[in-house]
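# Descriptive analysis of the structure
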Amino acid sequence: MRGPVLAALALFLGLAMLLHAKIPNRIGNLGSLVETLLPWFGLFIPVLLAGALWRRSASAVVALLLPVTVWLNLFGGLLSDKSHPGGDLTVASHNVSADNPDPAGTARDLAASGADVLALEEITDQAQDTYEKELAKAYPHHTVQGTVGLWSKLPLSDTRTVDVAMQGMVGPLAEHLSAEEKKATPRALRATVATDQGPLAVYVAHLGSVRVNPRAGFSASQRDAGERALGKAIAAEQNERVVLLGDLNGTMDDRAFADITSQLHSAQDAAGDGFGFTWPAKFPVARIDQILVRGVEPESSRVLPPTGSDHLPVAAGISW
């Protein structure tokens, strides 16, 4: 590959990252797909650099300054550890997977994390009793609404389901439900946690799955409808202190989450170490399991060790 071609590719890469918000979603949700994979665009930089050095192309090396600068501006802040010790409350979230072969072991691992408030997503009817039994000692207060649940060391009140506009259901969980159950099963809840510093509104959500295929492109209509509905619910929330926990099936770089990210900010971005990728558990490539907050300060954010799920658990320390 000749120097001018390498230089052109470097400029194209830099512009794609710089102008990602301008990439349209009209065809196959291309913009959202690019934003979901945006951190991985940085892998092209050393490949192009190796080519430029091999071809001894000064123009290509200079052109690479654009993607390097843009990538560092977008993600350089995630390369340092921004966590702080302490925090008034530790919250955690885990998609425990409908196909989890060891729900009891997963529950014990989560209880051992020391979280004060624990959200679970993708709970099946078959595994619900196991989670309730194994978590009962550590968490005297809990609620399960459909396939999501919240366990707490502190009292819960004002618990209710949240409509996230699920019309049917796809993904692993759908295999465990009948057609009617897919339409009627709640996938989000809201509860008030009574803390020493006052009430904390906690939302737990499992938004619709996404798919990538050659014909439809990045298919995310159910997820996006759920995001909008969840955004409206949070906008109507009267409590100034809010935490959203859950598997949102998307990264917070994706424009589709603007209704949520305009109101809440990521604990991982504010107080994490690294990208905090959570899925798939064996080789994580994206952070789709989120802890988002408003009215409280994240002190730390981390990914917990793997369980029997195909997702990794996440936890964050918050303070007032």
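Given the structure is predicted, the values throughout are model-derived calculations rather than measurements.

## Notes on the overall build of the protein chain
Across its full length, the protein chain holds 11 helices and 14 strands. Radius of gyration (C-alpha) of the protein chain: 21 Å, near the 20 Å computed for a compact globule of 320 residues. Dimensions along the principal axes, computed over C-alpha positions, put the protein chain at roughly 65 × 45 × 40 Å. Taking the contacts inside the protein chain whose residues are at least 6 apart along the sequence as the reference set, 72% of them involve residues at least 24 apart. Of the side chains in the protein chain, 26 bear a positive and 33 a negative charge, and the two mean positions are spaced by 9 Å.

## Describing the sheet that holds strand β5 (residues 156-161)
Backbone hydrogen bonds hold the strands of a sheet together, and the pairing may be parallel or antiparallel. Here we have 6 strands laid out as an open sheet, ordered β5-β6-β7-β10-β12-β11, and mixed in their pairing. Looking at which strands have only one partner, the edges of the open sheet turn out to be β5 and β11 (265-266). Bridge count between β11 and strand β12 (residues 289-294): 2 bridges; the pairing is antiparallel. Along β12, the bridge assignment pairs S266 with L292. Relative to strand β7 (residues 198-206), helix α9 (residues 221-235) is tilted by about 175°, and along the sheet it contacts β7, β10 (242-247) and β12.

## Overview of the environment of A235
Locating A235 in the fold gives a position in helix α9. A sequence separation of 56 residues divides A235 from I291, and the C-alpha atoms of the two residues are 17 Å apart.

## Let's talk about the nonpolar core
Among the nonpolar cores identified, the biggest contains 21 residues, and V91, L150, L200, V243, I291 and I318 are the most heavily contacted of them. Among the nonpolar cores identified, the runner-up in size contains 20 residues, and I23, V34, F41 and A63 belong to it.

## Some details on the packing of aromatic side chains
The geometry of an aromatic ring pair is captured by the separation of the ring centres together with the interplanar angle, meaning the angle of the planes. In this structure the tally under the stated criterion is 6 aromatic pairs. Among the aromatic residues, those joined into a cluster by ring pairs are W40, W71, F75, F275 and F277.

## Topic: the pairing of strand β4 (residues 148-152)
With respect to burial, β4 is a largely interior element, 5 of its 5 residues being buried. Burial of β4 is two-sided: the residues V148, L150 and S152 facing one way and the residues G149 and W151 facing the other way are all buried. With 5 bridges connecting them, strand β2 (residues 117-121) and β4 associate as antiparallel partners. Bridge pairing in β4 places V117 opposite S152.

## Quick word on a nonpolar patch on the surface
A cluster of nonpolar residues, L15, L18 and L19, forms a patch on the protein surface that exposes about 260 Å² of accessible area. With respect to the secondary-structure elements, L15 resides in helix α1 (residues 3-18). Given a relative accessible area of 41%, L15 falls into the partly exposed group.

## Topic: the side chain of N100
Tracing the backbone through its elements, the reader meets N100 in the loop between β1 (89-95) and α6 (103-111). A polar side-chain atom of N100 sits 2.8 Å from the main-chain amide nitrogen of D102. Each residue touching N100, except ones within four places of it in the same chain, is listed here: T106, Y131, T307, G308 and S309.

## Section: α1
Here α1 spans 22 Å end to end across 16 residues, near enough to the 22 Å set by a 1.5 Å rise per residue. Residues G3, L6, A7, A10, L13, G14, A16 and M17 constitute the buried set of α1.

## Quick look at the environment of S97
Along the chain, S97 turns up in the loop between β1 and α6. For the pair S97 and D269, spaced 172 residues apart in the sequence, the C-alpha separation amounts to 25 Å. When neighbours within four sequence positions are excluded, S97 is seen to be in contact with E121, E122, S309 and D310.

Procedures and definitions
Residues numbered from 1 in each chain as written. Predicted model: local features only at pLDDT ≥ 70, side-chain atom pairs only at ≥ 80, totals over all residues. Heavy atoms only, no water. Helix = DSSP H or I, 4+ residues; strand = E, 2+ residues; numbered from the N terminus. Rg over C-alpha atoms; globule rule 2.2 N^0.38 Å. Contact = heavy atoms within 4.5 Å. Lys, Arg positive; Asp, Glu negative; His and termini not counted. Charge placed at Lys NZ, Arg CZ, Asp CG, Glu CD. Pairing = 2+ DSSP bridges. Axes fitted to C-alpha atoms, helices over the stretch in contact; angles between N-to-C directions. Core = buried A, V, L, I, M, F, W, Y, C linked by side-chain atoms within 4.5 Å. Buried < 20%, exposed > 50% of the residue type's maximum accessible area, 1.4 Å probe, protein only. Phe/Tyr/Trp six-rings, centres within 6.5 Å; stacked < 30°, edge-to-face > 60°. Patch = residues over 30% accessible without salt bridge, like charges linked within 9 Å, V, L, I, M, F, W, Y side chains within 5 Å. Areas by Shrake-Rupley, 256 points an atom, 1.4 Å probe, with all protein chains shown as cover. Salt bridge = Lys/Arg side-chain N within 4 Å of Asp/Glu carboxyl O. Polar contact = N/O pair within 3.5 Å; in protein donor to acceptor, adjacent residues only side chain to side chain. Expected span 1.5 Å × (residues − 1).

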